Amino acid sequence: MEDKLTWIEIQDSIGWIKINREKKLNALNRDLINELHHRLVDFQNDTSVKVIILTGSGDKAFVAGADISEFSNYGPKEASALARHGNQVLFDFIAHMEKPVIAAINGYALGGGLELAMACQLRVAAQHAKMGLPEVSLGVIPGYGGTQRLAALIGKGNAMEMILTGDMIGAEKALRMGLVNAVVPSEQLLEAAITLAHRIIKNAPHSIKNAIKAINATDVASKGFEEENFQFSDCFGTADFEEGIAAFLEKRKPLF
Ligand code: CAA
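First, a word on scope: everything that follows refers to the structure included in this document.

## Things to note about the environment of Phe93
At step 1: Tracing the sequence through the fold places Phe93 in helix α2 (residues 76-95).
At step 2: Considered as a pair, Phe93 and Val41 are 52 residues apart in the sequence and their alpha carbons are 9.4 Å apart.
At step 3: The residues contacting Phe93, other than those within four sequence positions of it, are His37, Leu40, Val41, Asn87 and Gln88.

## What about the sheet that holds strand β9 (residues 169-170)?
Pairing between the strands of a sheet comes from backbone hydrogen bonds, and it takes one of two forms, parallel or antiparallel.
At step 1: Ordered in space as β4-β6-β8-β9, the 4 strands form an open sheet in which the pairing is mixed. Of all strands in the sheet, those bounded by a partner on one side alone are β4 (61-63) and β9.
At step 2: Of the strand pairs in this sheet, strand β6 (residues 108-110) and strand β8 (residues 130-132) are connected by 2 bridges, and their pairing is parallel. Within the sheet, the bridge partner assigned to Ala109 lies in β8 and is Met131.

## Section: the nonpolar core
At step 1: With 62 residues, the main nonpolar core has Leu54, Ile105, Leu116, Met131 and Leu179 as its most contacted residues.
At step 2: Take this core: its biggest share by element is 7 residues, from α2.
At step 3: Contacts of Leu54, omitting those with residues within four sequence positions, involve Ile17, Ile19, Leu36, Phe62, Ile94, Val101, Ile102, Ala103, Ala104, Leu116 and Cys120.
At step 4: Judged by nonpolar contacts, the second largest core, of 19 residues, contains Trp16, Ile53, Val184 and Ile208.

## Some words on the side chain of Asn229
At step 1: As for its position among the elements, Asn229 is in helix α9 (residues 222-235).
At step 2: By relative accessible area, Asn229 is classed as buried at 5%.
At step 3: At 3.3 Å, the side chain of Asn229 forms a polar contact with the side chain of Arg84.
At step 4: Those residues in contact with Asn229 that lie beyond four places of it in its chain are Ser80, Ala83 and Arg84.

## Topic: the side chain of Asn87
At step 1: Position of Asn87 relative to the elements: it lies in helix α2.
At step 2: Within the local environment of Asn87, its side chain forms a polar contact with the backbone oxygen of Gly143, the two atoms lying 3.3 Å apart.
At step 3: Once residues lying within four places of it in the same chain are set aside, the contact partners of Asn87 are Asp92, Phe93, Gly143, Tyr144 and Gly145.

## A word on the site of the ligand
At step 1: Surrounding the ligand, one finds 24 residues, the nearest of these being Lys24, Lys60, Gly112, Glu115 and Glu135.
At step 2: Ala66 places a polar main-chain atom, nitrogen or oxygen, 2.9 Å from a nitrogen atom of the ligand.
At step 3: Taking Glu115, its side chain carries an N or O atom lying 2.7 Å from an oxygen atom of the ligand.
At step 4: Its free accessible area being 990 Å², the ligand has 74% of it covered by the protein chains.
At step 5: Taken together, the elements giving at least two residues each to the shell around the ligand come down to β6 and α3 (112-119).

The rules we used
- Residues numbered from 1 in each chain as written.
- Predicted model: local features only at pLDDT ≥ 70, side-chain atom pairs only at ≥ 80, totals over all residues.
- Heavy atoms only, no water.
- Helix = DSSP H or I, 4+ residues; strand = E, 2+ residues; numbered from the N terminus.
- Contact = heavy atoms within 4.5 Å.
- Pairing = 2+ DSSP bridges.
- Core = buried A, V, L, I, M, F, W, Y, C linked by side-chain atoms within 4.5 Å.
- Buried < 20%, exposed > 50% of the residue type's maximum accessible area, 1.4 Å probe, protein only.
- Polar contact = N/O pair within 3.5 Å; in protein donor to acceptor, adjacent residues only side chain to side chain.
- Near = heavy atom within 4 Å.
- Areas by Shrake-Rupley, 256 points an atom, 1.4 Å probe, with all protein chains shown as cover.

So, in structure tokens, the structure goes:
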């Protein structure tokens, strides 16, 4: 089945979602976030789907972040609402799904794109994939759970380095840090995601659901998610924010 912003398909108990916004490196705008939500709800309710695989179209990007052009004139109030909505319908929604979602990272996973991959239960990356949370270079911070989930996955020290520098890391380093579960050559990415999916599908669905819930209970960061929303929104409308966003849109380096 084909749609404007996503493609879906069900094959051998796997529900496939491919983000279809290749020209904008699959950046997440509001319509795409809402469409992804509906796709996930449909798969959640479809008993023939046991595992979901989420990937991006093309071989350049999984998702290059939240759509920067969409929030360029936002103030703190709109920013807070944007992040709350995204978290509710997509990021936290995935993290708490009853069926595992595997991110097949087929290229750049930056900002909201890495946050999306981190919200998934498992991540497989192509060798050429690059990951990072570059928000501080735009005058903001991650707002879709990145400050919390990155620290949980790779430890506070590594998360500090990635978030404060905004630097990207390659797939092999991401594997060593525990940010992804596996790295494979690009042409084997989908096959690797399928193999991982079938290692889960052979197990009891009720146990899978309960295991996700129990593992999520180790998440003591609920206050952290609130703090992230506050600090994220607080960046909006500042001179740094205006310079960071203007620089991206004008394709130049920011001068903070
Ligand atoms: N938002 C909007 N548009 C984006 C985008 C984004 N996050 N990322 C890429 N694009 C667009 C570009 O503007 C460009 O559009 P045009 O062709 O219309 O000019 C198109 O996608 C192709 O991108 P580039 O020409 O920039 O491709 P490149 O190969 O030169 O660079 C890149 C690739 C390094 C990934 C670069 O696109 C980039 O730095 N993107 C932004 C990454 C980023 O900062 N992400 C974080 C966003 S903020 C966020 O996510 C906030 C949050 O947590 C809530």
